[in-house]
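# Remarks on the overall topology
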Amino acid sequence: MNNLVFHPIYSQLSLPHRHRFPIEKYVGIRDALCTHGVSKARFVQPDAFTLEQVCEFVDPAYMTALYNGTLDAKAMRRIGFPWSEQLVKRTLTAVGGTVLTAELAEKYGIALNLTGGYHHAFYDFGSGFCMVNDLFIAANRLLQYRDIDKVLIFDCDVHQGDGTAKLAEDRSDIFTVSIHGEKNFPHRKQISDIDIPLPKGAGDTLYLEALEETLYLAFRQARPDAVIYDAGVDIHIDDDLGHLNVTTSGVFQRDKMVIDYCKAHNVPVMAVIGGGYQRDIPALVEVHLQLFKAAKVYD
C-alpha cells in the first residue's frame with residue numbers, strides 16, 4: 001500500500017542559524033522509517049501545486065505577492081521565515097503533498113504525509129510558519145468525491161488551528177476541532193466548531209480523557225465521511241513550545257485512539273505530522289514516529 005507521501009524538498013530550506021523551525025525533521029522521519037524496514041516503494045512523491053491552483057482557496061493578491069517575493073517585511077515577519085524562491089517551492093510542494101495524501105486516504109482508507117498541518121494560514125495572510133492552509137485545501141479536495149459530503153478536520157497540534165477555523169467558519173461541509181494549549185500561540189483564538197483548551201502541564205491522563213470525549217462529540221455532531229488529522233507532537237513533555245507535558249507513550253495512545261476511532265466508524269483518515277519543536281532532531285523524530293506506529297506502518 002503506497003500511502004506515505006514524501007518529497008526531499010520538505011527538508012530543503014536554508015534558514016538562519018538557530019532558527020526555531022526544525023526543517024531537518026522531515027527527511028529524518030523518512031530515514032527512520034526506512035531504518036525500521038519500511039520499503040522506499042511505499043513513499044509517493046507529490047507534485048507542487050501551481051499558483052493558479054492555490055489561488056482558488058487563497059487571496060490572489062496575497063499569494064501572488066508571496067510567490068513573487070514582494071510581500072512586505074511585516075507580513076514576512078508574521079510568517080516567521082525569510083523569503084526565498086525555495087520557500088515558495090517548498091510551500092507549494094507541501095500543499096500538493098497534503099492533497100495527494102487526501103486522495104490516497106480516499107483510495108486506501110488511510111494515508112500519511114511526512115509534512116503538513118499549516119493551520120495558522122488565513123485567506124489573505126500567513127502566520128506562525130504557515131503560508132498556505134493545506135488542511136483546508138485538502139478538505140475541499142475530499143469533498144469532490146461523490147461519497148464524501150462532510151469532512152472533519154481534527155487538530156491535535158498544541159497551537160489552536162486558528163486559520164483553519166476562520167477559513168471554514170461558514171462551511172457546513174467542513175467541521176473543525178482543535179484540542180490545544182489554552183495559554184499558547186496564537187494569543188487571539190478563532191472559533192472552531194469544537195475547541196478544547198487545555199491547561200499547562202495537563203499530562204497524559206487529562207489529555208487522553210479530553211481526546212476520548214472530543215472524538216465522541218465530534219463524530220456525533222459532524223457525522224464525517226472523511227477525517228483530516230493534524231498529529232502535531234508539540235504536546236510532548238520535551239517540546240520547547242508546547243508545555244502540555246504529554247509523554248511519548250501518551251502521544252502514541254493519542255494517535256492510535258484517533259486512527260482506531262476512524263477505522264471503527266469506517267471513515268477514511270489522512271494525517272499530517274504537524275508541529276514539533278525540539279532542537280534534538282533524533283529525539284523529535286522518535287516522537288513523530290508514534291503516528292506511524294499507531295497507523296501500523298511498521299511494528
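Here, every reference points to the structure presented above.
Residues numbered from 1 in each chain as written. Predicted model: local features only at pLDDT ≥ 70, side-chain atom pairs only at ≥ 80, totals over all residues. Heavy atoms only, no water.

Glancing now at the sheet that holds strand 5 (residues 174–181). An order of 2-1-3-8-7-4-5-6 is seen for the eight strands of this open sheet, with the pairing classed as parallel. Both outer strands of the open sheet, strand 2 (43–44) and strand 6 (194–198), are each paired with one neighbouring strand and no more. Sheet analysis places strand 7 (residues 226–230) next to strand 8 (residues 269–272), joined by four bridges and oriented parallel. Along strand 8, the bridge assignment pairs Y229 with A271. Across the sheet, helix 9 (residues 248–264) lies against strand 3 (110–113), strand 4 (151–155), strand 7 and strand 8, angled at about 175° from strand 7, the strand it touches most. (Pairing = 2+ DSSP bridges. Helix = DSSP H or I, 4+ residues; strand = E, 2+ residues; numbered from the N terminus. Contact = heavy atoms within 4.5 Å. Axes fitted to C-alpha atoms, helices over the stretch in contact; angles between N-to-C directions.)

Let's shift gears to the pattern of salt bridges. Under the defined criterion, the tally for this structure stands at eight salt bridges. K166 is the partner of E169 in a salt bridge, and the nearest nitrogen-oxygen pair spans 3.1 Å. You can call E169 partly exposed: its relative accessible area is 45%. Measuring nitrogen to oxygen at the nearest pair gives 3.4 Å for the salt bridge that ties K293 to E286. Accessibility expressed as a relative area gives 33% for E286, which makes it partly exposed. (Salt bridge = Lys/Arg side-chain N within 4 Å of Asp/Glu carboxyl O. Buried < 20%, exposed > 50% of the residue type's maximum accessible area, 1.4 Å probe, protein only.)

Turning next to the side chain of T214. Tracing the sequence through the fold places T214 in helix 8 (residues 203–222). A distance of 2.6 Å separates a polar atom in the side chain of T214 from the backbone oxygen of A210. Each residue touching T214, except ones within four places of it in the same chain, is listed here: F154, V177, I179, I194 and I196. (Polar contact = N/O pair within 3.5 Å; in protein donor to acceptor, adjacent residues only side chain to side chain.)

In this structure, L33, F154 and F292 are the most contacted members of the largest nonpolar core, which totals 113 residues. Residues within four places of F292 in sequence aside, it is in contact with L4, I29, L33, L112, L114, I273, V297 and Y298. (Core = buried A, V, L, I, M, F, W, Y, C linked by side-chain atoms within 4.5 Å.)

For T93, the position within the fold is in helix 5 (residues 85–108). The buried category is assigned to T93, whose relative accessible area is 3%. Residues in contact with T93, not counting those within four places in the same chain, are H7, I9, Y10, P46, D47 and A48.

Next up on the list: the pairing of strand 7. Along strand 7, five of the five residues are buried, which leaves the element largely enclosed by surrounding structure. Because side chains alternate across strand 7, one face comprises the buried residues A226, I228 and D230, and the other comprises V227 and Y229, equally buried. The sheet contact formed by strand 4 and strand 7 spans five bridges and is parallel. What sits directly across from F154, in strand 7, is Y229.

Right, let's talk about the packing of aromatic side chains for a bit. Inspection of every chain in the model, using the stated rule, returns nine aromatic pairs. Ring plane angle 65° and centroid distance 5.2 Å describe the contact between F21 and F129, whose orientation is recorded as edge-to-face. You can see F21 sitting in the loop between strand 1 (4–5) and helix 1 (25–35) and its partner F129 sitting in the loop between strand 3 and helix 6 (134–142), a full 108 residues away along the chain. With relative accessibility at 16%, the residue F129 sits in the buried group. Both rings, one in F122 and one in F125, keep their centres 4.5 Å apart while their planes meet at 15°; by these two values the pair is stacked. Judged by its relative accessible area of 22%, F125 falls in the partly exposed class. Through a chain of ring-to-ring contacts, the aromatic side chains of F6, Y10, F21, Y26, F81, F129 and Y277 assemble into a single cluster. One cation-aromatic arrangement involves K25 over Y277; the distance from NZ or CZ to the ring centre is 5.9 Å. (Phe/Tyr/Trp six-rings, centres within 6.5 Å; stacked < 30°, edge-to-face > 60°. Lys NZ or Arg CZ within 6 Å of the ring centre and 35° of its normal.)

Looking along the chain, the bond that leaves F185 and enters P186 is cis, with omega of -5°. For P186, the position within the fold is in the loop between strand 5 and strand 6. Its identity is not glycine, yet R223 carries a phi of approximately 50°, on the positive side. By secondary structure assignment, the location of R223 is in the loop between helix 8 and strand 7.

This paragraph deals with the packing of helix 9 against helix 10 (residues 281–294). Interaxial distance between helix 9 and helix 10 falls to 8 Å at its minimum, and their mutual angle equals 35°. Helix 9 and helix 10 meet at a crossing whose hand is right-handed. Listed contacts from helix 10 to T248, V251, F252, D255, K256 and I259 of helix 9 are V287, Q290, L291, K293 and A294. Looking at the contact of helix 9 with helix 10 residue by residue, the class counts come to six nonpolar, two polar and three charged. (Left-handed = near helix turned anticlockwise from the far one by under 90°. Nonpolar A, V, L, I, M, F, W, Y, C, P; charged D, E, K, R; others polar.)

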